[in-house]
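# Examination of the molecular architecture
Residue strings, one per chain:
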Amino acid sequence: MATTEECRAALEKLSDNLGNAEGDVRSAAELDRSVSCHVTDLDVTFAGRMADGRIDVRETLEGPPREKADIRLAMTGDDLVALVDGELNFAKAWGSGRVKLEAGLRDLFRLRKLL
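Now for a quick tour of the structure. Computed from a predicted model, the values in this text were never measured in an experiment.

The subject of this paragraph is the packing of helix α1 (residues 4-19) against helix α3 (residues 77-84). With their axes 9 Å apart at the nearest point, α1 and α3 run at an angle of 25° to one another. It follows that α1 is roughly parallel to α3 by the angle criterion. Of the two possible hands of crossing, α1 and α3 adopt the one that is left-handed. Residue-level inspection shows Glu-6, Cys-7, Ala-10, Leu-11, Lys-13, Leu-14 and Asn-17 of α1 in contact with α3, the latter providing Gly-77, Leu-80, Val-81 and Val-84. Considering only residue class, the contact of α1 with α3 consists of seven nonpolar, two polar and two charged.

Here we take up the sheet that holds strand β5 (residues 100-103). One open sheet accounts for five strands, arranged β3-β2-β1-β4-β5; its pairing is mixed. Of all the strands in the sheet, just β3 (54-62) and β5 have a single pairing partner and so form its edges. Strand-to-strand, the axes of this sheet are offset by a mean angle of 20°, without reference to chain direction. Where strand β1 (residues 33-39) lies against strand β2 (residues 44-51), seven bridges are found, and the strand directions are antiparallel. Paired with Ser-36 across the bridge in β2 is Ala-47.

What counts, and at which threshold
- Residues numbered from 1 in each chain as written.
- Predicted model: local features only at pLDDT ≥ 70, side-chain atom pairs only at ≥ 80, totals over all residues.
- Heavy atoms only, no water.
- Axes fitted to C-alpha atoms, helices over the stretch in contact; angles between N-to-C directions.
- Helix = DSSP H or I, 4+ residues; strand = E, 2+ residues; numbered from the N terminus.
- Parallel < 35°, antiparallel > 145°, perpendicular 65-115°, else oblique.
- Left-handed = near helix turned anticlockwise from the far one by under 90°.
- Contact = heavy atoms within 4.5 Å.
- Nonpolar A, V, L, I, M, F, W, Y, C, P; charged D, E, K, R; others polar.
- Pairing = 2+ DSSP bridges.

Here it is, written out as structure tokens:
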């Protein structure tokens, strides 16, 4: 089972990947939105902001998200690490319910370029 530190490192790696992206992926990552990622098996939520093509994790909270972020993810720690490492396909994980993504319709259309 992935640790809280491994999950935070995965989110930092994702932020670096987004920051170095080009083209459609870069434009999709340039949203300015609040984000949360609830790691269900650890019952920890990483909350922050997606802006300027990066994800800035500002808080690590015990339990589910306290506030409704614009973009909300929920998954196990192992799935988060596997997604970022390219070992788990997002679309298949989302379709099977292993990963939950909630956002407004416009944001979902832009985020699909990332996924």
